[in-house]
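Now for the letters of each chain:
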Amino acid sequence: ELRLLAGRVAPEQPDLVLRLADLLCKRLNDARGALVVYNDALRSTPGDEQLVAALEGLAATYPALAVDAGRLLEPVYETEKQSAKLLGVLRARLETVAEADERRSLRLRIADLAGAALGDAAGAYAALEAAFLDNPSDTSLWDLLGDAAERAGQAEALAQALTTAVEAGDLG
């Protein structure tokens, strides 16, 4: 019955959404159902502080749902310029991604966020180095990696990454 009610709760009523999601989790042990309810509500009221906090709590309580919750929180964090939280959800998502293009894209986003928004030159370098080592023949990364190494004072790490790529036969 609660699941039927979930489809009828107006997502723009955060108090009802929060209560319904709580009931789904506690009474029906349906955290995924609560995630769906939060998703619907965030579409109607993006950035609602109560919903965001509840979704963050759900992710912390149910680690198996953390990546899915992070996908819902990602646009909120981007809009509200919560760079550290956005970096966390991107890193968590990266751990679950197998597809090479998506991994590269996430690593580049992480590098940009770490370097530009958070001023973490070492974090930006680490993300770019990982992207480079995944595909050393991607020449679009070479200048980015060199610049990031210079900003982060990682000349030795860059030399090691290049050596690794050459020894693996990935660079000519």
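To start, this report covers the structure provided alongside it. These figures come from a predicted structure and were not determined experimentally.

1. Topic: the overall build of the chain
- What the chain contains, in helices and strands, is ten helices and zero strands.
- Mapped in sequence order, the helices and strands of the chain form the string α-α-α-α-α-α-α-α-α-α.
- Relative to the compact-globule value of 16 Å for 172 residues, the chain shows a C-alpha radius of gyration of 20 Å, a clear excess of over 25%.
- With the principal axes as the frame, the chain shows a C-alpha extent of 65 × 30 × 20 Å.
- Within the chain, buried positions represent 40% of all 172 residues.
- Considering only intrachain contacts with a sequence separation of at least 6, the fraction spanning at least 24 residues in the chain is 46%.
- Of the accessible surface of the chain, which amounts to about 9800 Å², a share of 51% is contributed by carbon and sulfur atoms.

2. Some remarks on the side chain of Asp30
- Residue placement: Asp30 occurs in the loop between α2 (14-28) and α3 (31-44).
- According to the relative accessible area criterion, Asp30 is buried, its value standing at 14%.
- At a separation of 2.7 Å, a polar atom in the side chain of Asp30 contacts the main-chain amide nitrogen of Gly33.

3. Remarks on the pattern of salt bridges
- Scanning the model with the defined rule gives eleven salt bridges in all.
- Here Arg43 ties to Asp40 by a salt bridge, and the two come within 4.0 Å at their closest N and O atoms. Within this pair, Arg43 and its partner Asp40 are both found in helix α3, separated by three residues, close to a single helical turn.
- For Arg43, a relative accessible area of 62% gives the class exposed.
- Between Arg104 and Asp138 there is a salt bridge; the shortest N-O distance is 2.6 Å.

4. Observations regarding the packing of helix α6 (residues 83-94) against helix α7 (residues 100-117)
- Contact geometry for α6 and α7: axes closest at 10 Å, N-to-C directions at 155°. On the basis of the axis angle, α6 is roughly antiparallel to α7. With respect to the hand of their crossing, α6 and α7 are arranged in left-handed fashion. Contact residues: Ser83, Leu86, Leu87, Leu90, Arg91, Arg93 and Leu94 in α6; Glu102, Arg103, Leu106, Arg107, Arg109, Ile110, Leu113 and Ala117 in α7.

5. A word on the side chain of Ser83
- Tracing the sequence through the fold places Ser83 in helix α6.
- Residue class for Ser83 comes out buried when judged on its relative accessible area of 15%.
- With sequence-adjacent residues up to four places away left out, Ser83 is seen in contact with Leu113, Ala117 and Leu118.

6. Remarks on the layout of surface pockets
- Of the pockets and cavities examined, the largest pocket occupies roughly 160 Å³.
- Around the largest pocket, the lining residues are Leu108, Ala111, Asp112, Gly115, Ala116, Ala121, Ala124, Leu128, Leu144, Asp147 and Arg151.
- Mapped onto the lining of the largest pocket, the elements with two or more residues apiece are α7, α8 (121-134) and α9 (142-152).

7. Brief notes about the packing of α3 against helix α4 (residues 49-61)
- Across the interface, α3 lies against α4 with an axial gap of 11 Å and an inter-helix angle of 155°. Considered as vectors, α3 and α4 are oriented roughly antiparallel to each other. In this structure, α3 crosses over α4, and the sense of that crossing is left-handed. Contacts from Ala31, Ala34, Leu35, Tyr38, Ala41 and Leu42 in α3 reach Leu51, Val52, Ala54, Leu55 and Leu58 in α4.
- Of the residues in the contact of α3 with α4, the class split is eleven nonpolar, no polar and no charged.

Calculation notes
- Here the residue index of a chain counts from 1 through its sequence in written order.
- Where local features are concerned, this predicted model is filtered to residues with pLDDT of at least 70; where side-chain atom pairs are given and counted, the filter is 80 or more; whole-chain, interface and lining totals use all residues.
- Hydrogens and waters are ignored; side-chain quantities use all the structure's heavy atoms.
- Secondary structure elements follow DSSP: runs of H or I no shorter than four residues count as helices, runs of E no shorter than two count as strands, and numbering proceeds from the N terminus.
- Note on method: radius of gyration uses C-alpha positions; expected globular size equals 2.2 Å times residues raised to 0.38.
- For every residue, the accessible area obtained with a 1.4 Å probe (protein chains only) is divided by the maximum for its type, and the residue is called buried under 20%, exposed over 50%, and partly exposed between those limits.
- Any two residues whose heavy atoms approach within 4.5 Å are treated as being in contact.
- What sets the accessible areas is the Shrake-Rupley method with a 1.4 Å probe; for residues, cover comes only from the shown protein chains.
- Counted as a polar contact is a pair of N or O atoms within 3.5 Å, where, for protein atoms, one must be capable of donating a hydrogen and the other of accepting one, and residues adjacent in sequence contribute only when both atoms are in side chains.
- Salt bridges are defined by distance alone: a side-chain nitrogen of Lys or Arg within 4 Å of a carboxyl oxygen of Asp or Glu.
- Inter-axis angles, ranging from 0 to 180 degrees, are taken between N-to-C directions of lines fitted to C-alpha atoms, where helices are fitted over the stretch in contact.
- Geometric relationships in this document are graded by angle, where less than 35 degrees denotes roughly parallel, more than 145 denotes roughly antiparallel, 65 to 115 denotes roughly perpendicular, and other angles denote oblique.
- Handedness of a crossing follows from how the near helix is turned relative to the far one, being left-handed for an anticlockwise turn of less than a right angle and right-handed for a clockwise one.
- A cavity here means a set of points on a 1 Å grid, drawn over the protein atoms and nothing else, where a 1.4 Å probe fits but cannot get out; a pocket is an open set with protein on both sides within 12 Å along at least five of seven lines, and a residue lines either one if it has an atom within 4 Å of a point.
- Grid points are joined across faces, edges and corners, and a volume is the space filled by probe spheres set on the points.
- As a working rule, the residues Ala, Val, Leu, Ile, Met, Phe, Trp, Tyr, Cys and Pro are called nonpolar, Asp, Glu, Lys and Arg charged, and the rest polar, with Gly in that last group.

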